[in-house]
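Residue-level structural notes
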Amino acid sequence: MLVSAGPTFEAIDPVRGITNLSSGKMGFSMARAAREAGAEVTLVAGPVHLPTPRGVNRVNVQSALQMHCAVLQQVDASQVFIATAAVADWRPASAADQKIKKDGSGQTPHLSFIENPDILADVARSPRAVAGDLFCVGFAAESHDLLAHATAKRARKGVPLLVGNIGPATFGQDDNALLLVDSQGARELPHASKHHLARALIADIARRLA
Ligand code: CTP
């Protein structure tokens, strides 16, 4: 099983960058629950200060491009890909080699952005995923209209299972509530600890594979 987790960090210059509020806790809980259920697990983690779950193989990355590369390197050896990472949608078009300094004029730097690759969508359209040999699970952190957004995102990403949650309510917290959206409809996993939800979700995925 391959799990992506945490935020990504997109450099502006050697001392600054853009990131988001993902704590990585849900992804690390998924990796731990999968390992405890007997899977061999690789965790591709953005910059978070969380201990590696026992028995899990961890690959640390910073940027979305590095996460994309690490996931594509690992995915051929996987039967399941769970994308919990909050990947930055955009990165600065060019990171400065040196720290950008104020020049005293009050002028602000102009940043332009490039869209990052969609890691989950890329994996979901790979031949093994299309053939059903690689089961892909997406996560969606939304701020409102969870069912509508999660249903649309599942179709857009081309994944059989999309797990929705209300992002601002859960970032950094130890608990959450999840909405599982598949081709049949939606089912709620009610409010519980992220460890508890991860175990329930791994059991659900195992049933789908069986
Ligand atoms: N994802 C990804 N690579 C990206 C963006 C998202 O792999 N560049 C994955 C996430 O890990 C998650 C799913 O896609 O499993 C949905 O991520 P989310 O940020 O909710 O969706 P976006 O595609 O970024 O859409 P939007 O920001 O418009 O809600």
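Keep in mind the model is a prediction, meaning the values are calculated, not measured. (Residues numbered from 1 in each chain as written. Predicted model: local features only at pLDDT ≥ 70, side-chain atom pairs only at ≥ 80, totals over all residues. Heavy atoms only, no water.)

1. Let's talk about the overall build of the chain
The number of helices and strands found in the chain is 7 helices and 12 strands. Relative to a compact globule of 210 residues, whose C-alpha radius of gyration would be 17 Å, the chain shows 18 Å and is just as compact. Principal-axis analysis of the C-alpha atoms places the extent of the chain at approximately 65 × 35 × 30 Å. Looking at the chain alone, contacts between residues at least 24 apart form 59% of all its contacts between residues at least 6 apart. On the chain, the mean spot of the 21 positive side-chain charges and the mean spot of the 19 negative ones are 4 Å from each other. (Helix = DSSP H or I, 4+ residues; strand = E, 2+ residues; numbered from the N terminus. Rg over C-alpha atoms; globule rule 2.2 N^0.38 Å. Contact = heavy atoms within 4.5 Å. Lys, Arg positive; Asp, Glu negative; His and termini not counted. Charge placed at Lys NZ, Arg CZ, Asp CG, Glu CD.)

2. Let's talk about the nonpolar core
Ranked by internal contacts, the top residues of the largest apolar core, which has 30 residues, are I82 and I205. Looking at this core element by element, the count peaks at 6 residues for helix α1 (residues 25–36). Non-local contacts of I205, meaning those with residues more than four positions away in its chain, are made with M30, V80, I82, F135, V137 and L161. Among the nonpolar cores identified, the runner-up in size contains 24 residues, and L2, A129, C136 and L179 belong to it. (Core = buried A, V, L, I, M, F, W, Y, C linked by side-chain atoms within 4.5 Å. Buried < 20%, exposed > 50% of the residue type's maximum accessible area, 1.4 Å probe, protein only.)

3. Observations regarding the pattern of salt bridges
The full count for this structure, using the stated rule, is 9 salt bridges. With a closest N to O distance of 2.7 Å, E142 and K153 form a salt bridge. Linking E142 in strand β9 (residues 135–142) with K153 in helix α5 (residues 146–157), this pair joins segments that are 11 residues apart in sequence. Take E142 and K153: they sit in the same class, and that class is buried. Among the charged side chains, a network of salt bridges with common partners joins D182, R187, D204 and R208. (Salt bridge = Lys/Arg side-chain N within 4 Å of Asp/Glu carboxyl O.)

4. Topic: the site of the ligand
Neighbouring the ligand are 15 residues, the closest being A83, A85, D89, K153 and K157. Measuring from a nitrogen atom of the ligand, one finds a backbone N or O atom of I119 at 3.0 Å. Elements that contribute at least two residues to the shell around the ligand include exactly α3 (119–124), β9 and α5. Residue contributions to the shell around the ligand peak at 4 residues, all from β9. Tallied by class, residues from the shell around the ligand come to 9 nonpolar, 1 polar and 5 charged. (Near = heavy atom within 4 Å. Polar contact = N/O pair within 3.5 Å; in protein donor to acceptor, adjacent residues only side chain to side chain. Nonpolar A, V, L, I, M, F, W, Y, C, P; charged D, E, K, R; others polar.)

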